[in-house]
Amino acid sequence: MKPKDNLKTCDLDCLRLDHRVHKGDVMGTLIEEIFSRKSGRAVNAGEILLLDVDYIMSHDNTTPLAIKAFREIGKPILDKNRVVLHLDHAYPAPNVLAAENHRKIFDFVKEQELPHFFQQGVCHQVMIEEGFVTPGSIVIGADSHSNTYGAMGAFGTGLGSTEIGVAWVTGKCWFKVPETIRVELHGRTQRGVYAKDVMIHIAGLLGMDGGTYRSVEFGGEYIDSLPLHERIIFPNMSTEIGAKCGLIAADQVTLDYLENETPARGKGPFEQIRPVNPRYERVLELDVSPLAPQVACHPDVDNVKPLEQVEGLEVQQVYIGTCTNARYEDLEIVANMLKGKKVDPYTRVIVTPASARIYKKALQNGLIEILMDAGCTVTGTGCGACIGRHGGILAPGERALTTMNRNFIGRMGSPLSEIYLASPATAAATALTGRITDPRGMM
Amino acid sequence: MGKAWTFGENMNTDEIIPGRYNITIDPLELAKNVFCEVKPEYARNVQPGDVIVGGQNFGCGSSREHAPIAIKGSQAKCVIAVSFARIFFRNAINIGLPILECPEAVADITEGDEIEVDLSSGGILNRTNGRQYQARPLPDFVLKIAEAGGIVNFLKEHEIQELLR
């Protein structure tokens, strides 16, 4: 279904999509406010800026090409403290080529004496845990899900490797100030319905190119009420609708997380930058209260259905992992649902914690034991299964229900396999039955 | 002049080059598997100068630069599409793969048409049906990168600040 048709046929009364233009002084959307502070002057959508970036992220999949660009440019790294490298995409190495790739990166880190190098889990989670992402900062990454950093009120965006190599040398990157789509979310979700369900629903409404080149700003009382691990879903999946960035304004929740959970790289106090009398290109308003669990069905992220329409569909694998939904709280939901039970014997159930820190906490608090007793396979941290590298490849004809953000054809292995996206609770319910199952009856 | 290879809407980076092949950064190696799942005959039969034609949101998905590199490595001359996903757009310009936005041309081109493209003017001629089209012009600073043959070449000769001057 085309996104636009989808919008028209949407059966929710709560949906309102309009074009709002404020009278009076137009100040700035959240992205305009962030970019204005970085530019030292007021900037508006449409302008092209060359900005200093705070951190430059890349991982084992994208760093080798960045090193190639860096060598070809032939100039030194401007500020080594801004360079952050991760090994997570094919880690530990599943084959000789991946190992060679890692070796290249290890050698580079040594040669350049780079201070920030991690083998601690999925890059985006580690970036946030380690305090590299702070409100108002600019963090670019050679990974499309670098939009995730918007959950901290930062501008995060994905770029290719060559631009990462360029940023190592120049400390800068060009950006066109994007127009903004505001997503205003009201109400509270029902029990068993999570941020993931809400975001999948939004992806269905806007379509996989509905946010292309745009900043998608998420706000409203529902977002305000969410803890950080739930907020992260929205910017993370803004990538799936083509957005340049997905942003949530920093508030006390953000600052408390930075204060209590991260080293925050010693840079506070942080400003709570907010949109000021903004002009939005579009506003999508949604009441999340009536929403049921949602599933993004094979083969597109905007092929979204309420779970009841695909309930009972057999699956051969359940995967709980990735930068979208493998945080401690996600594992807690799954463990609570699987405690004392057994997963379906004909289904592979794989749990991959998003970071070493999450893994350790889950271990200390007994979650890992519960998951293993229920028959889950708990793997080391990383991205492997989500990109079809290792740790959960699908055979032809197999169907997986996963907590991932992306269900492209062939992403997890065979091009003849299918990927369905849902919340950790839906994944846990499905793990127990081997069929797509509504979690609300099992909590 | 080259032959048109047509692809649908929302052609994503996994379809351009699946993740399992991204273990190398060699353009010729990558080119062996480009479009392998959606059009396996492409890699076998593509000729230098052929033209990729895509729908809207071409190159969506991952930030992997392997996607435009694989296309460039296959010796296709350029990609003409209705629109490009933003990271793919940047990546293609940065590595020197010419891209043209031209919905009118895309609507008229069918697989195998003989296409002539003037990269400097953005002019597209479909020799099979005799029609001409004009691609949307690129912004000046993007042209500077494209004319240098990519951002790396640009930076060998210039400072990055010169992009916006």
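The structure presented is a predicted model; accordingly, all values stated were derived computationally and were not measured.

### With respect to the interface of chain B and chain A
No. 1: With 36 residues of chain B at the interface, the matching set in chain A holds 41 residues.
No. 2: It is helix H5 (residues 86-95) of chain B that provides the largest number of residues to the side of chain B that touches chain A, a total of six residues.
No. 3: Of the residues assigned to the side of chain B that touches chain A, the class counts are 14 nonpolar, 13 polar and nine charged.

### Examining the domain arrangement of chain A
All names here are of chain A.
No. 1: As assigned here, chain A comprises domain 1 (15-21 + 29-44 + 177-266 + 274-287), domain 2 (49-175) and domain 3 (294-442).
No. 2: Between the C-alpha centres of domain 1 and domain 2 there is a distance of 24 Å.
No. 3: In this assembly, 30 residues from domain 1 lie in contact with 24 residues from domain 2.
No. 4: For the side of domain 1 that touches domain 2, the secondary structure elements donating two or more residues are helix H2 (30-39), helix H9 (228-231), helix H10 (233-238), strand S11 (245-247) and helix H11 (252-261).
No. 5: Among the elements that make up the side of domain 1 that touches domain 2, the one with the highest residue count is H2 (six residues).
No. 6: Considered class by class, the residues forming the side of domain 1 that touches domain 2 number 17 nonpolar, seven polar and six charged.

### What about the nonpolar core?
No. 1: Val-334 and Leu-338 of chain A together with Ile-80 of chain B are the most contacted members of the largest nonpolar core, which totals 191 residues.
No. 2: Here this core gets eight residues from one element, more than from any other, and that element is helix H7 (residues 195-206) of chain A.
No. 3: The contact partners of Leu-338 of chain A, leaving out residues within four places of it in the chain, are Val-343, Ile-370, Leu-371, Ala-374, Ala-428, Ala-431 and Leu-432 of chain A.

### Comments concerning the confidence of the model for chain A
Segments scoring low in pLDDT should not have their predicted coordinates read at a detailed level.
No. 1: Averaged over chain A, the pLDDT score is 93; the fraction of residues at 70 or greater is 94%.
No. 2: Long-range and interchain partners of residues 1-24 of chain A, a stretch whose pLDDT sits below 50, account for 29 contacts in this model, where long-range means more than four residues apart.

### Points about the sheet that holds strand S6 (residues 123-126) of chain B
All names here are of chain B.
No. 1: Taken in spatial order, the seven strands of this open sheet run S4-S3-S2-S1-S5-S6-S7, and their pairing is mixed. Both edges of this open sheet fall to strand S4 (99-101) and strand S7 (131-134), since each of them pairs with a single strand only. Averaged over all neighbouring strand pairs, the angle between strand axes comes to 30 degrees, with direction disregarded.
No. 2: One ladder, built from four bridges, connects S6 with S7; its direction is antiparallel. What sits directly across from Asn-126, in S7, is Arg-131.

### Quick look at the environment of Tyr-257 of chain A
Residue and element names in this part refer to chain A.
No. 1: Topologically, Tyr-257 is positioned in helix H11.
No. 2: The class of Tyr-257 is buried, set by 21 C-beta atoms lying within 10 Å.
No. 3: As a C-alpha pair, Tyr-257 and Pro-92 span 165 residues in sequence and 30 Å in three-dimensional space.

Rules and cut-offs
Residues numbered from 1 in each chain as written. Chains lettered and ligands numbered in written order. Predicted model: local features only at pLDDT ≥ 70, side-chain atom pairs only at ≥ 80, totals over all residues. Contact = placed C-beta atoms within 7 Å. Helix = DSSP H or I, 4+ residues; strand = E, 2+ residues; numbered from the N terminus. Nonpolar A, V, L, I, M, F, W, Y, C, P; charged D, E, K, R; others polar. Domains from an automatic or database assignment. Core = buried A, V, L, I, M, F, W, Y, C linked by C-beta atoms within 7 Å. Buried ≥ 20, exposed ≤ 12 C-beta atoms within 10 Å, placed from the backbone. pLDDT = per-residue confidence, 0-100. Pairing = 2+ DSSP bridges. Axes fitted to C-alpha atoms, helices over the stretch in contact; angles between N-to-C directions.

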